[in-house]
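Observations on the model geometry
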Amino acid sequence: MIEPGEFATRRRELMNAAGDRSLIILASAGERLRNGDSYYPFRQDSDFLYLTGFNEPDAVLVLAPGRKSGEQILFCRESDPERERWDGPRLGLDGAREQLGMDDAFPITDIDDILPGLMEDRDRVHHLVGKDADFDRRVIDWRNRLRNQKRGHSGPGEIVSLEHLLHEQRLLKSAAELRCMRQAAKVSAEAHCQAMRACRPGMSEAQIHAELLKVFHASDCPPAYQPIVAGGANALILHYIANNQPLPDDGLLLIDAGCEHHGYAADISRTFPVNGRFSPAQRRIHEVVHAAQLAAIDEVRIDRPYEAFHNTACRVLTEGLIELGLLEGNVEDNLAEQHYRRFYMHKTGHWLGLDVHDVGDYRIDEQSRLLEKNMVVTVEPGLYIGFEDDIPTEFRGIGVRIEDDVRVGPDGPEVLTAGVPAGADDIEALMAR
Ligand code: GLY
Ligand code: MN
Ligand code: MN
């Protein structure tokens, strides 16, 4: 739970960063019609959620630093008992002031009349330029209205992107955000444990998918992304989400699934044998990936370059691939030529937060940025072995990924998702119980 005061502090910090003569404008997500009068589940826009904690569509936040009659303004839906009977309660204008701590609230239907006036006396408008072409046009329209209403008034000269300021702010997690992420991690880890406990030969990917969703929804933590439940060689399809095939009795099952708590995501991958016992070949591949993951996690430390943990993972994977006979030659040459990419074609992680692939720059001035306390990353090496003739038969079609969520802690890495076993022995022990 994030307290209202923290959202107000975030808005204040953003205004300080943007400067006095700025106007900041940010839109909520809209509802998406699926068909008839049935809608896709509503998910608030992460930037809007970060600054408001407000979970309704049809809203616009405006921040006007220094405005005498109120700096923090929300345009939102008015209370409407008739509509609320069908769609559920609305916070309304009073709720926006009292519960969200806004200085002012106006009906969203009045925005075209009010917003141009808020642009008067501002040098620049900050909004998420390019995120939504319709909203880009509306911002221009509001400025044009001001110019038409006030002859000789040119309106704000600059329309600049809010992205950098806001996304740098989101990159460093507060204590309350970390509590939400630990809870999402805990429930997600429990879902993976449940999948391991439930899995038996003869089951289908769909049945395991259902086990995951049951744990997520029972904790009121919806999936943070479409889970991947990939039996056998389906694990080689990196974005496999069909989740509808029978599980191979002697094969592996790769699950990549996580839920969100108050919008904050977890992102976990585990790979385990459907029958509870790794074959020798499966175990060897799994051990290489696990060794790469442990070595990479150890690089998630204050002042290490972001890319260090990826480089470490690539090195350990390359050493393992040579040992397995899947690559030839020495480690340095293989690394220089990136030969591991035949078996490992993605990066080792990404920022994690309100979005699964969270916002924030990875490089500054063309250099990998240094990790700072309370950044959160995923660490997710994998190996995906194809069916080509030069691959020893016992390794063909094996896909393994192991993914954990790691906070840059004051004294080293804090693995948020340690509640589910990752190593082969620990997985076998859990599945045997
Ligand atoms: N689940 C998405 C990812 O691992 O990046
Ligand atoms: Mn990930
Ligand atoms: Mn993942």
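See the structure printed just above.
For clarity, every value in this text was computed on a predicted model and none was experimentally measured. By convention here, each chain's residues receive numbers from 1 onward along its written sequence. Think of it this way: whatever chain is written first is A, whatever ligand is written first is 1, and the rest follow in order. Owing to the predicted nature of the model, reporting of local features is limited to residues with pLDDT of at least 70; listing and counting of side-chain atom pairs is limited to 80 or more, with chain, interface and lining totals taken over all residues. Excluded from the side-chain calculations are hydrogens and water; all other atoms, namely the structure's heavy atoms, are used.

**Re the coordination of the manganese ion (ligand 2)**
Which entries qualify depends on this criterion: The rule for donors is simple: N, O or S, within 2.8 Å of the metal, or within 3.2 Å if the metal is Na, K or Ca. Water isn't counted, so a site may look like it is missing partners. Every geometry call rests on angle ranges, with four donors termed tetrahedral when all angles are between 85 and 135 degrees, four termed square planar and six termed octahedral when opposite donors are over 155 degrees apart and all others are between 65 and 115, and everything else termed irregular. Under the DSSP-based scheme used, a helix requires at least four consecutive residues in state H or I and a strand at least two consecutive residues in state E, with every element numbered from the N terminus. Only protein chains enter the accessibility calculation, which uses a 1.4 Å probe. A residue is then buried if its area is under 20% of the maximum for its type, exposed if over 50%, and partly exposed in between.
Around the manganese ion (ligand 2), the protein contributes the donor atoms Asp267 (OD), His350 (NE2), Glu380 (OE) and Glu403 (OE), which lie 2.0 to 2.2 Å from the metal centre. One can describe the donor arrangement at the manganese ion (ligand 2) as irregular, given that its 6 donor atoms subtend angles of 50 to 155° at the metal. Sequence spacing of the donor residues for the manganese ion (ligand 2), all on one chain, is D-x82-H-x29-E-x22-E. Separating the manganese ion (ligand 2) from the manganese ion (ligand 3) is a gap of 3.3 Å, which aspartate 267 spans by donating to each of them. One end of the pair, histidine 350, is in the loop between α12 (331-336) and β14 (363-364); the other, glutamate 380, is in the loop between β16 (376-379) and β17 (382-384), with 30 residues separating them in the sequence. Glutamate 380 matches histidine 350 in its accessibility class, with the two residues each being buried.

**Section: the pairing of strand β1 (residues 22-27)**
Using the following cut-off: Any two strands with at least two DSSP bridges between them are considered paired.
Buried residues dominate β1, accounting for 5 of its 6 residues. As paired elements, β1 and strand β7 (residues 124-127) share 3 bridges and run parallel to each other. Residue leucine 23 lies in a different strand from β7, and its bridge partner there is valine 125. Pairing geometry for β1 and strand β4 (residues 60-63), over 4 bridges, is antiparallel. Each bridged residue has a counterpart across the sheet, and for isoleucine 24 the counterpart in β4 is leucine 63.

**Some remarks on the coordination of the manganese ion (ligand 3)**
When four donors bind a metal tetrahedrally, each ideal donor-metal-donor angle is 109.5 degrees, and when six bind octahedrally, the ideal angles are 90 or 180 degrees. Donor atoms from the polypeptide that bind the manganese ion (ligand 3) are Asp256 (OD), Asp256 (OD), Asp267 (OD) and Glu403 (OE), placed at 2.1 to 2.3 Å. Bound by 6 donor atoms, the manganese ion (ligand 3) shows angles of 58 to 169° at the metal and therefore irregular coordination geometry. Along the chain, the residues that donate to the manganese ion (ligand 3) are spaced as D-x10-D-x135-E.

**What about the side chain of histidine 126?**
Test applied: Contacts are assigned to residue pairs with any non-hydrogen atoms lying within 4.5 Å of each other.
Assignment of secondary structure puts histidine 126 in strand β7. The residues touching histidine 126, leaving out its near neighbours within four places in the chain, are Ala18, Ser22, Leu23, Ile24, Ile25, Val160, Ser161, Leu162 and Leu165.

**Some thoughts on the packing of aromatic side chains**
Short version of the rule: When the centres of two rings from Phe, Tyr and Trp lie within 6.5 Å, Trp using its six-membered ring, the rings pair. Their planes under 30 degrees apart give stacked, over 60 give edge-to-face, and anything left gives tilted.
Applying the stated rule across the entire model yields 7 aromatic pairs. Ring centres of tyrosine 306 and phenylalanine 309 lie 5.2 Å apart, and the angle between their planes is 75°; on these two criteria the pair is classed as edge-to-face. Using a relative accessible area of 1% as the deciding quantity, one classes phenylalanine 309 as buried. Geometrically, the ring pair formed by tyrosine 306 and tryptophan 351 is tilted, given 4.9 Å between the ring centres and 55° between the ring planes. Highlighted residues: tyrosine 306 in the loop between α10 (280-297) and α11 (308-323) and tryptophan 351 in the loop between α12 and β14, separated in sequence by 45 residues.

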